[in-house]
Amino acid sequence: MSGLQGVGLLLLWGSACLWLPGLTRGALVISGDHEALQETRGAAKSLQKRSTAEATVEVFSVKVDCTVMSRFAHTVMTSRALNKANSSQEIFFEVDLPKTAFIVNFSMEIDGEMYVGEVKEKEKAKKQYEKAVSSGQTAGLVKASGRKMEKFSVSVNIAAESNVTFILTYEELLQRKLGQYEILTRVKPKQPVQEFQIVANIYEPQGISYVDAHATFLSNELLPLVEKTVSDNKAHISFSPTMEEQRTCPGCDGTLIDGDFVIKYDVKRANSLGDVQIVNGYFVHFFAPPDLPRVPKNVAFVIDRSGSMSGIKMEQTRQALLTILLELHEEDHFALIQFDDQILSWKESLTKATKEIVAEGMDYVRNIVVRGVTDINGAVLRAVDMLVKDRQEKKLPERSVDMIILLTDGMPNSGESNLKKIQENVHSAIGGNMSLFCLGFGNHVDYSFLDVMSKQNKGVARRIFEGSDAVLQLQGFFQEVASPLLSEVDLRYPDNAVDSLTTNHYTQLYNGSEIVVAGRLTDNDLMDNFMVEVFGQGFEQDFTVKGQTRALDWDVMYPNEDYIFGDFTERLWAYLTIQQLLEKSKSGAPDEKANATAKALDMSLHYSFVTPLTSMVVTKPDTEDGPDSPLIADKLTEEQRQAAERVSHRYASRLYSPPMYYHPATPTYLVDGDPHFMIELPDREDALCFNINDKPGTIFNLVRDPTQGILVNGQIIGDKKIAPDGKVNTYFCRFGIVHRTLGVRLEVSTQDISVFQDGKRVKLLWSDTASVKGPNVDLLLTKDRSPTVTLKDSVKFVILLHKVWAKHPYHRDYLGFYTLDSHLLSPSVHGLLGQFYHGVEYEVSDLRPGEVPEKPDATMHVKGQELNVTRGWQRDFRRDVKSGENVPCWFVHSNGTGLIDGEATDYVVSGLFKTV
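This write-up is about the structure you can find in this document. Note that the structure is a prediction, hence the values are computed from the model and not measured.

Things to note about the overall build of the protein chain
Here is step 1: In terms of regular secondary structure, the protein chain is built from 15 helices and 53 strands.
Here is step 2: Here the contacts in the protein chain between residues at least 6 apart in sequence split such that 68% fall between residues at least 24 apart.
Here is step 3: For the protein chain, the accessible surface area stands at approximately 37,200 Å², while carbon and sulfur atoms represent 48% of it.

Describing the state of the cysteines
Here is step 1: In total, this model carries 2 disulfides according to the counting rule given.
Here is step 2: Put simply, C249 and C252 are joined by a disulfide, and their sulfur atoms are 1.5 Å apart.
Here is step 3: Taking relative accessible area as the criterion, C249 reaches 29% and is therefore assigned partly exposed.
Here is step 4: If you count the bonded cysteines of the protein chain from the N-terminus, they pair up as 1-2, 3-4.

With respect to the sheet that holds strand β31 (residues 530–537)
Here is step 1: Read across the open sheet, the 4 strands follow the order β29-β27-β31-β32; overall the sheet is antiparallel. Since the sheet does not close on itself, it has two edges, and those belong to β29 (505–510) and β32 (542–549), each with one partner. Put simply, the sheet's adjacent strands are angled 25 degrees from each other on average, direction ignored.
Here is step 2: As defined by bridge partners, strand β27 (residues 484–492) adjoins β31 across 4 bridges and the pair is classed as antiparallel. Along β31, the bridge assignment pairs R492 with E533.

So, the packing of aromatic side chains
Here is step 1: Going through the model one piece at a time under the given rule, you end up with 29 aromatic pairs.
Here is step 2: Measuring from centroid to centroid gives 6.0 Å for F217 and F239, while their planes differ by 45 degrees, and the two rings are tilted. Here F239 lies in strand β16 (residues 234–239) and F217 lies in the loop between β14 (208–215) and β15 (226–230), a separation of 22 residues in the sequence.
Here is step 3: What makes F217 buried here is its relative accessible area of 8%.
Here is step 4: Each member of the aromatic cluster is reached from another via a ring pair, and the members are F72, F102, Y282, W573, Y575, Y607 and F609.

Some remarks on helix α6 (residues 376–392)
Helical periodicity: at 3.6 residues per turn, an α-helix aligns residues three or four positions apart in one direction.
Here is step 1: Helix length check: α6 (17 residues) gives 24 Å between terminal C-alpha atoms against 24 Å at 1.5 Å per residue, within 8%.
Here is step 2: What α6 keeps buried is the set I376, N377, G378, A379, V380, A383, V384, M386, L387 and D390.
Here is step 3: Here α6 starts with a cap whose side-chain oxygen sits 3.0 Å from the backbone nitrogen of G378, and that cap is D375.
Here is step 4: Positioned one or two residues after α6, K394 has a phi angle of 55 degrees, which is positive.

Some thoughts on the pattern of salt bridges
Here is step 1: Across all of its chains, the model carries 38 salt bridges by this definition.
Here is step 2: Notably, a salt bridge pairs R294 with E331, separated by 3.9 Å at the nearest N-O pair. You can see R294 sitting in the loop between β19 (282–287) and β20 (297–304) and its partner E331 sitting in the loop between α4 (312–326) and β21 (333–339), a full 37 residues away along the chain.
Here is step 3: Residues K389 and E393 are paired through a salt bridge, measuring 3.3 Å at the closest nitrogen-oxygen approach.
Here is step 4: Taken together, the shared-partner salt bridges in this structure form one network comprising R71, R176, E204, D266, R269 and E514.

Points about the packing of α4 against helix α5 (residues 355–366)
Here is step 1: Their axes nearest at 10 Å, the elements α4 and α5 cross at an angle of 175 degrees. By the angle between their directions, the pair α4 and α5 is classed as roughly antiparallel. Along its contact with α4, which presents R318, L321, L322, L325 and L326, the element α5 presents V358, G361, M362, V365 and R366.
Here is step 2: Partitioning the contact of α4 with α5 into residue classes produces 7 nonpolar, 1 polar and 2 charged.

Considering the sheet that holds β15
Here is step 1: Read across the sheet, 8 strands follow the order β7-β6-β11-β4-β3-β13-β16-β15 without closing on themselves; strand pairing throughout is mixed. Each of the sheet's edge strands pairs with one partner strand only, and the pair in question is β7 (113–116) and β15. Strand-to-strand twist across the sheet, computed as the mean angle between neighbouring axes with direction ignored, equals 10 degrees.
Here is step 2: Where strand β3 (residues 57–69) lies against strand β4 (residues 72–83), 12 bridges are found, and the strand directions are antiparallel. Across the sheet, residue V64 finds its bridge partner in β4, namely M77.
Here is step 3: Sitting on the sheet, helix α11 (residues 568–587) touches β3, β4, β6 (102–110) and β11 (163–173), and the angle it makes with β11 is about 70 degrees.

Section: helix α7 (residues 419–430)
Here is step 1: Between its terminal C-alpha atoms α7 stretches 17 Å, which fits the 16 Å expected from 12 residues at 1.5 Å a residue.
Here is step 2: Taken as a whole, α7 has its buried residues at I422, Q423, V426 and I430. Buried residues of α7, viewed axially, fall in a sector of 100 degrees; they line one side. Away from its buried face, by an angle of more than 90 degrees, α7 presents the exposed residues K420 and S428.
Here is step 3: In the core, the buried residues of α7 are packed alongside α6, β25 (435–441) and α8 (447–455).
Here is step 4: Following α7 by one or two positions, G431 has its phi on the positive side, about 60 degrees.

A few points about unusual backbone geometry
Here is step 1: A positive phi angle, close to 55 degrees, is found at K394, a residue other than glycine.
Here is step 2: Mapped onto the elements of the fold, K394 is located in the loop between α6 and β24 (401–408).
Here is step 3: Judged by relative accessible area, which is 74%, K394 ranks as exposed.

Rules used in this analysis
- Residues numbered from 1 in each chain as written.
- Predicted model: local features only at pLDDT ≥ 70, side-chain atom pairs only at ≥ 80, totals over all residues.
- Heavy atoms only, no water.
- Helix = DSSP H or I, 4+ residues; strand = E, 2+ residues; numbered from the N terminus.
- Contact = heavy atoms within 4.5 Å.
- Areas by Shrake-Rupley, 256 points an atom, 1.4 Å probe, with all protein chains shown as cover.
- Disulfide = S-S within 2.5 Å.
- Buried < 20%, exposed > 50% of the residue type's maximum accessible area, 1.4 Å probe, protein only.
- Pairing = 2+ DSSP bridges.
- Axes fitted to C-alpha atoms, helices over the stretch in contact; angles between N-to-C directions.
- Phe/Tyr/Trp six-rings, centres within 6.5 Å; stacked < 30°, edge-to-face > 60°.
- Expected span 1.5 Å × (residues − 1).
- Polar contact = N/O pair within 3.5 Å; in protein donor to acceptor, adjacent residues only side chain to side chain.
- Salt bridge = Lys/Arg side-chain N within 4 Å of Asp/Glu carboxyl O.
- Parallel < 35°, antiparallel > 145°, perpendicular 65-115°, else oblique.
- Nonpolar A, V, L, I, M, F, W, Y, C, P; charged D, E, K, R; others polar.
- Arc of directions from axis to C-beta.

See the structure below:
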């Protein structure tokens, strides 16, 4: 069967990749049309012969070197390659980096000459950006890459017999979540690399309590290659497999290394004052005291039940809430408020989370149903009023924390709908007395609106991505805020000794998190006698701790170390200050916004950080045609990431579709060609597709609904003989359809159609035009085209016959199978097609050039996984059985792995009417 064979060879992926688009390995083939298929294969074959002799690039190293000094991570990614061809080659360098990181440097060394990126004010870089766009260059170097990462990519033309070294450097402050720090490196080499290495050195003067290193691709053979050495205050982790150890099998070109390499660790916390580092006139204070009792919380859950939450979103919300309610402590109080254009409260006040009350609340959650439109303003104000009233009436513990958790997937379109007015109403009502956390579900919510409203009210916003793991995302967020330890935390330092402090007052400290404050010393004489005080409100009493700290002697703590990070406290302070200024530039008063923006820009330029206010301009070497256009690297905001995802969802089908395309009125599920599976989703103006490869004669289960007793299996057949290119094509040649409850059985082959019911058999030929009507089944046959099978009060199937010239040397007649009215089947329906009948939740992001120019690649988030997908098209033959109509779709490679449940072999059955 034909699949997606991209034009282009990925020569190197690590956290970096080198891509040589001129080296062709195949062709993009998504067609059931035999003549087009043969033509494309021939072209691919000739291209491959020509290209193999033309282009050779030797990749000799990919290195990731991460140094962490007191949570501040400095990562350098380096790739080296040699163009051994006798002509110039365009080589792409790609890196995935955490979206919380700031790029600080990018450079290319080509035959001993350096080309270094320069950080400039975004507005000043705009003219160069526009020039690059107008000249047809790909100007944007940074794209969203999944939920946690960004992809940096750049291409450069390398002369014959020349070498190139790419170096990218980025920095970030590691955030402590749920009791640990995480260093994430994405590695996708695509083929073995001569020198592949990941190295991390972690320096934590506070002491390291544990370190764990794992990867999504680690097999039993690769696991011993992860070396880990841990002392009291230093950890060294390395992973450097040889080329042979990287291979999927001896002599194979494939690599085992494909996924995320993750390091997690935490530090020792014996001192309740925390840890203070003083280096070169700057200090940083890490505060997360051990063994504090949790403070009871009073939480109002405000749940959107408007129509857009129907289906899987509401089901996942219910599941998450049920688990969250079980995790409440008995000292906590909670409320449940559901809203559309009407606002319904479970009870008139918050209720203590006893086992009995929690059980009642869970019953209430199970019965939330979707309807109506969206009144966010009224719902949040109802929660505020409830908390304020209960406080006034002293129904809540005096030492407890008040919070509202809003979950919505849409825009306010009932009641007050002006976004700024809603923010003003909520801010005024809360009055600084509680925290508001906003969870935006999916791509259609206005994340910027929620983000500002949360920050104005001592909370944070979080995007909840649509996918099978949405329940885990919701639960994970709640776990982060579920256990307050202190409230109103003040961290104080000598007034006459420090300035330029980052935020030093925090509303809450949650279990598993950490407060970080940094500043500049104005009196270096105090470095050895630095007074720190911390005040906060605990569960039973106020928390107060004070003490003196002094600068460490790094040479004593880390002897024989080449300490390259001597200014880490200053850069950490700058990173943290810029992050906080960027937040103020969104949610403060107009003059505060302007001042914060100006200061953040000035610091970004001074410290060469690529932030939302700056751009890195990369000057490329001249080409034979003269100077090449510069490229621009920007920092994406969460709003820009969301906008890019919306574009990839809504408009990719329009941008990359062939001329012929129509949207069916309802979802259609089909398998046609050799064989191509497709799920058409008109409500999203999109479609998904995949191929299944197996040997001729295999029978697959396509649809199985045990509740209704419906079964559809299909058998594949091969070509008459193997084609000269060695490709074995298979197609569906027989379908078996059973409705056990109604006592109906049909067998459809390329020769005839048989209907069995009540002990009788009716046989029809494809050359007939006939109609068979019974109490439980209707069958309408159009001559030489398609029978339409309608099962009583249930689903409708259409089967198409594709006739091939009888004397064709290779191909045979074959069948296509289409499902209509699939919503009438039960929720238990499954099978290669049936599993999608009640919807599939997915996101597509990071739209990027593919191996064929008109067929871009992207990253799909589906069922908790990230898949590389390619934009192509399949044919829907219902209206035109000869030529079909092209339907753009996202093609999922490798037999639909990651999209279908389990493996393709799980759907193989022993007979046309068998379930196993």
